[in-house]
Amino acid sequence: MRTLQLDPLTDSRWQTFIDGARGASVFHHPAWLGLVGNRYRYPMTALCVAGDDGEIVAGIPLAKVSSLLTGRRLVAVPFSDICPPAYAPDAGEEAVVALSQALADARTGTGIDVEVRWRMEDVPGARVVESFLTHRLALEPDADAVLARASKSQVRRAIAKARREGVVATPGTDRAALADFYALHEQTRRRQEVPVQPRDFILRFEELFARGLGYVMISRHEGRPIAAAVFLTYGGILTYKYGASDEEFLNLRPNHLLFAEAIRRGCEEGLRELDFGRTDPDNEGLTRFKRSWGAEEERLAYTYVADRAPKDGHGLAERVVAEAIRRGPPSTGRVIGTALYRHVG
């Protein structure tokens with residue numbers, strides 16, 4: 001076997017590989033890598049292992065982050081909660097070992113730390129840190145059977161209440177739907193005291209949607225958007241990416257309804273799994289919400305090929321940002337997000 005690097009945005013071998021690979025998700029897709037790379041000026045590469053016949057048997061995308069604030073590093077992949085290595089269906093242990101060694105060699109050869117958003121304990125010199133939770137819900141053609149696995153008291157009653165109150169959840173893929181989401185996104189991020197994603201980044205999700213890679217599910221009450229979520233789809237997986245809501249209308253349970261409709265749509269489309277994304281263990285409310293759907297919970301670990309792993313917890317910088325957003329005008333979170341997100345990924 002041999003290792004090689006290729007351009008995942010232009011080399012058709014990458015798309016061909018991930019279309020049939022184990023572990024590949026929307027975060028491996030050239031459209032996602034192009035969106036993130038172009039918006040935040042990250043050069044993208046794919047580190048691959050090829051068999052004796054030249055066919056790719058293992059690979060992982062890497063973005064080169066160069067920042068005066070956070071340093072240089074190779075990341076798989078910025079703005080992706082989970083990005084494991086991908087393997088051909090018949091790849092064996094030899095391919096796993098070869099890719100793990102290639103990641104260690106990437107760090108040795110460049111002097112740049114490597115961050116993989118997945119557990120890879122077999123990478124030489126790696127430090128594996130469990131920092132988050134992940135929740136996955138198995139889907140099947142019978143959507144009612146999937147929804148029946150949810151907690152009756154928390155989920156099914158909430159869905160029923162939303163419908164009684166006249167809340168309607170529908171998908172959208174155009175710029176207007178994304179603009180509705182973004183207005184709620186700004187409100188939600190300010191409430192959470194975290195930076196807002198740049199508007200042009202969110203609006204460019206229309207490019208993903210045009211390729212059949214997702215949609216926005218929006219809950220409306222009397223025509224007014226009151227909750228919305230961005231879902232991405234690829235390789236049989238429905239991925240929850242971003243959520244937002246109007247606090248004034250949370251008592252109408254719009255988020256429960258939009259997730260129910262997304263689950264039903266995923267089942268109808270033959271998807272096999274809903275990935276709820278990562279969750280901070282300290283966020284007990286969000287953790288309970290995801291558990292209530294009957295999702296399987298696991299610890300999510302990140303792998304750092306570096307002299308030391310990042311510290312856990314919220315440091316001084318995060319507290320300063322939160323204070324600025326809390327005290328500043330509504331535009332503060334947007335300004336900070338535009339300035340800082342490129343550096344943190």
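The structure displayed is predicted, hence computed values, not measured ones.

A. Structural context of the overall build of the protein. Check the secondary structure of the protein and you find 12 helices and 13 strands. Taken against the 2.2 N^0.38 rule, which gives 20 Å for 345 residues, the C-alpha radius of gyration of the protein at 20 Å falls within 12% of a compact globule. Dimensions of the protein, computed from the C-alpha atoms along their principal axes, are close to 60 × 50 × 35 Å. Taking all 345 residues of the protein together, 53% fall into the buried category.

B. Up close: helix 3 (residues 93-110). Taking 1.5 Å per residue as the helical rise, helix 3 with its 18 residues ought to reach 26 Å, and the 26 Å between its terminal C-alpha atoms agrees with that figure. Remark: Gly111 follows helix 3 within two positions and exhibits a positive phi of approximately 75°.

C. Structural detail: the packing of aromatic side chains. Tallied over the full model, the rule gives 21 aromatic pairs. Seen in terms of ring centroids, Phe231 and Tyr240 are 5.8 Å apart; in terms of plane orientation they differ by 45°. Their pairing is tilted. Every member of this aromatic cluster is reached through a ring pair, and the members are Phe27, Trp32, Tyr40, Tyr42, Phe79, Phe201, Phe205, Phe209, Tyr242 and Tyr341. Here Arg265 stacks its cationic end above the ring of Tyr215, 4.3 Å away from the centre of that ring. Its end group placed over the ring of Phe132, Arg278 keeps NZ or CZ at 4.2 Å from the ring centre.

D. Local environment of the environment of Glu165. Along the chain, the position of Glu165 falls in the loop between helix 5 (152-164) and strand 8 (167-172). Judged by relative accessible area, Glu165 falls into the partly exposed class, the value being 39%. Sequence spacing of Glu165 and Arg253 is 88 residues, and the spatial spacing of their C-alpha atoms is 9.2 Å. When residues no more than four places from it in sequence are discounted, the contact partners of Glu165 are His221 and Leu252.

E. Quick look at the environment of Tyr87. Mapped onto the elements of the fold, Tyr87 is located in strand 5 (residues 86-87). Setting aside anything within four residues of it in sequence, one finds Tyr87 in contact with Phe17, Ala21, Arg22, Val57, Ala58, Ala95, Val96, Leu99 and Met120.

What counts and what doesn't
Residues numbered from 1 in each chain as written. Predicted model: local features only at pLDDT ≥ 70, side-chain atom pairs only at ≥ 80, totals over all residues. Heavy atoms only, no water. Helix = DSSP H or I, 4+ residues; strand = E, 2+ residues; numbered from the N terminus. Rg over C-alpha atoms; globule rule 2.2 N^0.38 Å. Buried < 20%, exposed > 50% of the residue type's maximum accessible area, 1.4 Å probe, protein only. Expected span 1.5 Å × (residues − 1). Phe/Tyr/Trp six-rings, centres within 6.5 Å; stacked < 30°, edge-to-face > 60°. Lys NZ or Arg CZ within 6 Å of the ring centre and 35° of its normal. Contact = heavy atoms within 4.5 Å.

As far as function goes, none of this settles anything; it's purely spatial.
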